[in-house]
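# Geometric and topological summary
Read off the chains here:
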Amino acid sequence: MGSPLVGILAIQGDFEAHGRALERLGARTRRVLRDSEIAELDALVLPGGESTTISKGIERLSLWEPLREFAASGRPLLGTCAGAILLSRRAESPGTEHDPVPTLGVLDAVAARNAYGTQVDSFKSRVDPGAAAGLEGFECTFIRAPVLTELGPEVEVLARVEGRPVLVRQQNVWASCFHPELGLDGRVQRLWLGL
Amino acid sequence: MSEKKTGAQAFEIKVGLAEQMKGGVIMDVTTPEQAKIAEDSGAAAVMALERVPSDIRKDGGVARMCSIAVIEGIQKCVSIPVMAKVRIGHFAEASVLDALGVDFIDESEVLTPADEAHHVDKHGFRSPFVCGARNLGEALRRIAEGAAMIRTKGEAGSGNIVEAVRHLRQVNGDIRALSALRSEELATRAKELGAPVELVRHVAEHGKLPVPNFAAGGIATPADAALCMSLGAEAVFVGSGIFKSEDPEKRARAVVHATTHWQEPEEVLAASRDLGDAMPGLELDQLADHERFAERGW
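Conventions and cut-offs
- Residues numbered from 1 in each chain as written.
- Chains lettered and ligands numbered in written order.
- Predicted model: local features only at pLDDT ≥ 70, side-chain atom pairs only at ≥ 80, totals over all residues.
- Heavy atoms only, no water.
- Pairing = 2+ DSSP bridges.
- Helix = DSSP H or I, 4+ residues; strand = E, 2+ residues; numbered from the N terminus.
- Axes fitted to C-alpha atoms, helices over the stretch in contact; angles between N-to-C directions.
- Buried < 20%, exposed > 50% of the residue type's maximum accessible area, 1.4 Å probe, protein only.
- Contact = heavy atoms within 4.5 Å.
- Buried area = accessible area lost by both parts, 1.4 Å probe.
- Salt bridge = Lys/Arg side-chain N within 4 Å of Asp/Glu carboxyl O.
- 1 Å grid on protein atoms, 1.4 Å probe; cavity = no way out; pocket = protein on both sides within 12 Å on 5 of 7 lines; lining within 4 Å.
- Points joined across faces, edges and corners; volume = space filled by probe spheres on them.
- Nonpolar A, V, L, I, M, F, W, Y, C, P; charged D, E, K, R; others polar.

### Some details on the sheet that holds strand 9 (residues 147-149) of chain A
Residue and element names in this part refer to chain A.
- The strand order 5-6-9 describes an open sheet built from three strands, whose pairing is mixed. A single partner strand is all that each edge strand has here, and the edge strands are strand 5 (88-92) and strand 9. Adjacent strand axes in the sheet meet at a mean angle of 30°, parallel and antiparallel pairs treated alike.
- Pairing geometry for strand 5 and strand 6 (residues 107-112), over four bridges, is parallel.

### Observations concerning the pairing of strand 11 (residues 164-170) of chain A
Residue and element names in this part refer to chain A.
- Counting buried positions over the seven residues of strand 11 gives six, a clear majority of the element.
- Strand direction decides the pairing type here: strand 10 (residues 156-161) and strand 11, joined by five bridges, are antiparallel. Bridge pairing in strand 11 places V157 opposite V168.
- From the end of strand 10 to the start of strand 11, which pair antiparallel, there are two residues, and E162 there has a positive phi angle of about 50°.

### A short note on the interface of chain B and chain A
- Opposite the 45 residues of chain B that make contact, chain A presents 42 residues.
- Summed over both sides, the interface between chain B and chain A buries roughly 3,300 Å², with carbon and sulfur atoms accounting for 49% of that surface.
- One can count eight salt bridges joining chain B with chain A.
- A salt bridge links D99(A) to K36(B); its shortest N-O distance comes to 2.8 Å.

### Here we look at the layout of surface pockets
- If you add up the space inside the largest pocket, you get close to 730 Å³.
- Around the largest pocket sit 28 residues that line it, and R20(A), L182(A), G183(A), V15(B) and E19(B) are the ones nearest its centre.
- Broken down by element, the residue count for the lining of the largest pocket peaks at five residues, all from helix 1 (residues 11-20) of chain B.
- For the lining of the largest pocket, the residue count by class is 11 nonpolar, six polar and 11 charged.

### Quick word on empty space enclosed by the protein
All names here are of chain B.
- Counted by the stated rule, this structure contains four cavities of 30 Å³ or more.
- Volume-wise, the largest cavity comes out at about 180 Å³.
- If you trace the largest cavity, you find 22 residues lining it, with D28, A156, A216, G217 and G239 closest to the centre.
- Secondary structure elements with two or more residues in the lining of the largest cavity: strand 8 (236-238) and helix 11 (240-243).

So, in structure tokens, the structure goes:
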């Protein structure tokens, strides 16, 4: 394909940062909110933000099924941070009284929300040695990040930090616990879109 | 999960959280129950405080940082980020909130200032800071001190959007005007703005602040939120506007809806139906100078 049209779900979150990062790579981007807009896309991003807030927007806009259909269509789908939580089969908030967040269930993994703590525990770290080709030394920014656990057999780990999977894929569905859209290193999106 | 981290947090990580709040609504709450209502209504974060601004106005007296018990109660019951306010210049209150692990600290003119000459030096903290600004110079002074998010001051607790509109137009107009200047003129402009020339050059080059720019102070209706978004705000804070209205839950949902769909009039219309009464508003001409929160700070 020439320059792919990448949609960014714009209910709430860092959709602007995703747009900037993708445009630097030569992709065309569009903020999407509707079923009809999603159908036309070559690829779709579920951005970072607040998973509770975004899930309520998905509910209000009746986007659960259209998003599941997009995942099933085989087109590239990327969720970062809150987006990764929404892709998972289940989201948990261990040790808290927080309400559960509904998820799409298109990635066979469990997401532990805010697993590292609050914003004061946010951090940057390079990926562990042994990351997928092209991602060596990638510096990841984790912001109130989730941890992915109980990965199913079809889930491939592309990068780890401190031994934990932080970038995974299940066929066309990619999930990142960190924020590849922040900063100038576009390697994750390049690999994801096959650019 | 990891060991407790200490020392100043990297600026990009602070701004990174502010980026995550874009397109969202940050709601003032005074109890865990209100925080739950805010979260259930789709708030992107809550601001913990003891009294909402309209009550601070009404009751008078010194307004301080929220009690720890209230903040902890709120942290326990919601998973969205929890912010809290400190008095301008009160770096010891800020240290307390930092130690408590709040997600964002608002050095706020709504509380009674602790220092009439100095704002907090915000670089040394782990928590990011948001500060109010009325114009580009003020915004850049706060960013130079380490603020990771700017919001308009507006006029909190007034239910009157006029000041937030004034400040949004002023900040964004100041930014647009920079693009017409030559390099040597930017240095002179920096002097006039009272802002570091490096930051002025950054804004001239990028056409925007180096941190997210949100609206606050006087937002009471879904259309108020849509107005602020149309004028270039990247998210909105709603203070008294939610929990001083007749039906807070309904209004909270409506403001969230209008903030996501600000470009679609029919959605803002849908959000504006059957909301009950908004909070009572204040005509700002009737406020004495000392009653204007926006005049606090420099």
